[in-house]
Structure formats: structure tokens, C-alpha cells
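Per-entry structural report
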Amino acid sequence: DIEDRKRAEAELRRAYDSFAAAQRLSHTGNFTADIVADQHIWSEELYRIFEFDPAMKITVQAVRDMIHPEDLPSFEAAFARSLGGADFDLVYRIVTPSGKVKLLRSLAHLVERIAGRPLFIGAIQDVTEYKTAEEALDRARSELAHVARVTTLGALTASIAHEVNQPLSG
């Protein structure tokens, strides 16, 4: 029935639009990766996070080239463990084509091996804003603790000065 098909297509479109909006809102993109064939399917949000052109063919090397040099050894180690069957869960930095440094959290799971070829499904979240806000909050807490210590010291100094001056006045 053509009406059922149109309804199903409209429902599928709404579900996809909702999913894409949720990814934009949470700064999270998803992917599927066949490592041996170097074939990758990325969501629109993941292309936006990495600042890649959606027409670009994604390769493992293209992703590795963006990883901050200081984070590359930990990325390589986690990637090697994940090829052995362990889940990939890592926070690392990338340097985008525009020169921005972004902090990403990647989670991936080996879902199957077809003829010895690992197939991963995963998600990558841009946690840069969250981490920046967290660091600002930590700095504000440190400054507040410092102000509290200085205030306490000032009150203690005033109390001591009062106690010392009392007997002298008498």
C-alpha cells in the first residue's frame, strides 16, 4: 500500500532528523569502521567535529594525522588493544584544519569479525567546552578557597591585635 509506505518513510525521516538534532545538541557523532578495508561511515556531526568536508573519503590515516602529537602514543596503544577485542575508550586532542585544538572522547566496540576483518561501531564526543568550563570552575574554587583563607587570616590578625592592645591599654 502506497499510503503505508509514505507514512513509514515520513516516520523514518522524523526519526533520522531527531537523531541528527540530538547529535548536534550533544556534540556527539557516530561511526562504523571496517579497519582492514579502511571504509568508514560517519554521521554529519562527526564530519563537523573533525571539520572534514562531507565529500572527503575518511581513512584511518586522515584521523591519525589530526591527533595531537602528545596524544598519539596513547591513541595508538588504545587502538592496538581494541583490535585485540577490548573496547576503545579514550580522551585525546585533535588539531583541526583551522588550527583549533579540540578535546574528544571516543568510545568504540568491536561488533564482529568478518573473515578476520574487525568492524567497529562507536561514538565521538567533542568535550572541549565541557572541559574548559570544568577548568574554569576549578580555578574559581581555588580562588574562593584562597579568599576564604585570607579572610580568616585577617580576622585572626584583628583578634590577636585586639587581645594584645587590651592589656596595654589597661
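1. A short note on the overall build of the chain
Regarding its fold elements, the chain presents 5 helices and 5 strands. Taken from the N to the C terminus, the helices and strands of the chain come in the order α-β-β-α-α-α-β-β-β-α. For a compact globule of 170 residues, the expected C-alpha radius of gyration is about 15 Å, and the chain comes in at 27 Å, more than 25% above that figure. Its C-alpha atoms give the chain principal-axis dimensions of roughly 105 × 45 × 30 Å.

2. Looking at the packing of aromatic side chains
Counted according to the given criterion, the structure contains 7 aromatic pairs. The interplanar angle of 20 degrees and the centroid separation of 5.7 Å between the aromatic rings of Trp42 and Phe52 together place this pair among those described as stacked. One end of the pair, Trp42, is in strand β2 (residues 39-42); the other, Phe52, is in the loop between α2 (44-50) and α3 (60-66), with 10 residues separating them in the sequence. With a relative accessible area of 12%, Trp42 lands in the buried category.

3. What about helix α1 (residues 2-26)?
Working note: α-helix, 3.6 residues per turn, so residues spaced by three or four point in the same direction. An ideal rise of 1.5 Å per residue puts 36 Å on 25 residues; α1 measures up with 36 Å between its terminal C-alpha atoms. Following α1 by one or two positions, His27 adopts a phi angle in the positive range, close to 55 degrees.

4. Section: unusual backbone geometry
With a phi angle near 55 degrees, Asp38 is a residue other than glycine that sits in the positive phi range. Positionally, Asp38 belongs in the loop between β1 (28-34) and β2. Overall, the relative accessible area of 22% leaves Asp38 in the partly exposed class. Non-glycine residue Glu51 carries a positive phi angle of around 60 degrees. Within the element layout of this structure, Glu51 appears in the loop between α2 and α3.

5. Focus: the pattern of salt bridges
Tallied over the full model, the rule gives 11 salt bridges. With a shortest N-O distance of 2.4 Å, Arg7 and Asp4 are connected by a salt bridge. Placement of both Arg7 and Asp4 in helix α1 is noted, with a separation of 3 residues, approximately one turn of the helix. Between Asp89 and Arg105 there is a salt bridge whose closest N-O contact spans 3.0 Å. Linking Asp89 in strand β3 (residues 88-95) with Arg105 in strand β4 (residues 101-114), this pair joins segments that are 16 residues apart in sequence. For Arg105, a relative accessible area of 34% gives the class partly exposed. Among the charged side chains, a salt-bridge network with shared partners connects Glu51, Lys100 and Lys102.

6. Topic: the pairing of β1
Across the 7 residues of β1, 5 count as buried, placing the element largely inside the fold. Joining the antiparallel neighbours β1 and β2 is a turn of 4 residues, in which Asp38 adopts a positive phi near 55 degrees.

7. Quick notes on a nonpolar patch on the surface
A surface patch of nonpolar side chains, about 380 Å² in accessible area, is lined by Leu153, Leu156, Ile160 and Val164. Mapped onto the secondary structure, Leu153 falls in helix α5 (residues 128-169). Judged by relative accessible area, Leu153 falls into the exposed class, the value being 53%.

What counts, and at which threshold
- Residues numbered from 1 in each chain as written.
- Predicted model: local features only at pLDDT ≥ 70, side-chain atom pairs only at ≥ 80, totals over all residues.
- Heavy atoms only, no water.
- Helix = DSSP H or I, 4+ residues; strand = E, 2+ residues; numbered from the N terminus.
- Rg over C-alpha atoms; globule rule 2.2 N^0.38 Å.
- Phe/Tyr/Trp six-rings, centres within 6.5 Å; stacked < 30°, edge-to-face > 60°.
- Buried < 20%, exposed > 50% of the residue type's maximum accessible area, 1.4 Å probe, protein only.
- Expected span 1.5 Å × (residues − 1).
- Salt bridge = Lys/Arg side-chain N within 4 Å of Asp/Glu carboxyl O.
- Pairing = 2+ DSSP bridges.
- Patch = residues over 30% accessible without salt bridge, like charges linked within 9 Å, V, L, I, M, F, W, Y side chains within 5 Å.
- Areas by Shrake-Rupley, 256 points an atom, 1.4 Å probe, with all protein chains shown as cover.

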